[in-house]
Amino acid sequence: MQFTVTDAPTRERFEARDEAGAVAGFVTYQLTGSIIAYTHTEADPAYEGRGVGSTLARAVLDDARSKGRTVVPICPFLADWLVKHPEYEDIVVRTTRKIK
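Residues numbered from 1 in each chain as written. Predicted model: local features only at pLDDT ≥ 70, side-chain atom pairs only at ≥ 80, totals over all residues. Heavy atoms only, no water.

> Explain the pattern of salt bridges here, please?
Pairs can form between side chains of opposite charge once their charged atoms are near each other. Scanning the entire structure with this criterion turns up seven salt bridges. Here Glu15 makes a salt bridge to Arg17, at a shortest N to O gap of 2.9 Å. Judged by relative accessible area, which is 5%, Glu15 ranks as buried. We classify Arg17 as partly exposed; its relative accessible area is 29%. Ionic pairing is found between Asp63 and Arg69, a salt bridge with its closest N-O pair at 3.8 Å. On the accessibility criterion, Asp63 (17% relative accessible area) is buried. One salt-bridge network, in which partners are shared between bridges, spans Arg11, Arg13, Glu15 and Arg17. (Salt bridge = Lys/Arg side-chain N within 4 Å of Asp/Glu carboxyl O. Buried < 20%, exposed > 50% of the residue type's maximum accessible area, 1.4 Å probe, protein only.)

> Would you take a moment to explain the pairing of strand 3 (residues 23-32) for this structure?
Looking along a regular strand, one sees the side chains alternate between the two faces of the sheet. Pairing geometry for strand 2 (residues 13-17) and strand 3, over five bridges, is antiparallel. Residue pairing across strands places Phe14 opposite Val27, the latter belonging to strand 3. Where strand 2 folds back onto strand 3 in an antiparallel hairpin, the turn is made up of five residues, including Gly21, whose phi is positive at roughly 95°. Where strand 3 lies against strand 4 (residues 35-43), eight bridges are found, and the strand directions are antiparallel. Its bridge partner being in strand 4, Gln30 is matched across the sheet by Ala37. The antiparallel pairing of strand 3 with strand 4 creates a hairpin that spans two residues between the two strands, and Gly33 there sits at a positive phi of about 60°. (Pairing = 2+ DSSP bridges. Helix = DSSP H or I, 4+ residues; strand = E, 2+ residues; numbered from the N terminus.)

> I would appreciate a short explanation of unusual backbone geometry in the present structure.
Working note: non-glycine residues mostly have negative phi, and peptide bonds are mostly trans. Positioned with a positive phi, Glu12 is a non-glycine residue whose angle comes to about 50°. Counting through the fold element by element, Glu12 comes out in the loop between strand 1 (4-8) and strand 2.

> Quick question: what am I supposed to make of the environment of Gly33 here?
Within the secondary structure, Gly33 sits in the loop between strand 3 and strand 4. Since its relative accessible area comes to 67%, Gly33 is described here as exposed.

> Would you take a moment to explain the pairing of strand 2 for this structure?
Among the five residues in strand 2, four count as buried, and that is most of the element. Looking at chain direction, strand 1 and strand 2 are connected through five bridges and run antiparallel. Each bridged residue has a counterpart across the sheet, and for Val5 the counterpart in strand 2 is Ala16. Between strand 1 and strand 2, which follow one another and run antiparallel, lie four residues, and Glu12 among them has a positive phi close to 50°.

Here it is in structure tokens:
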């Protein structure tokens, strides 16, 4: 199954749609300057196991890279996916520190 991923900035999320245009899943985000925090990934149960999550992950990370953004993977799914895809490590923040 093919999915098309598009940014819906007014909803602060990327959406994956199937060939008929139905939303199969989405990734929510918060954008501050050049830093994008991906906060949640969700696949419609009807599409689970069909690669919608991986399609979304690759699309949002490719988008961040193309725009020179730094990624903060708050979403557990995305954080786990990134462990298996080290090609994105150069744009991902893995640690944070507190400002005193």
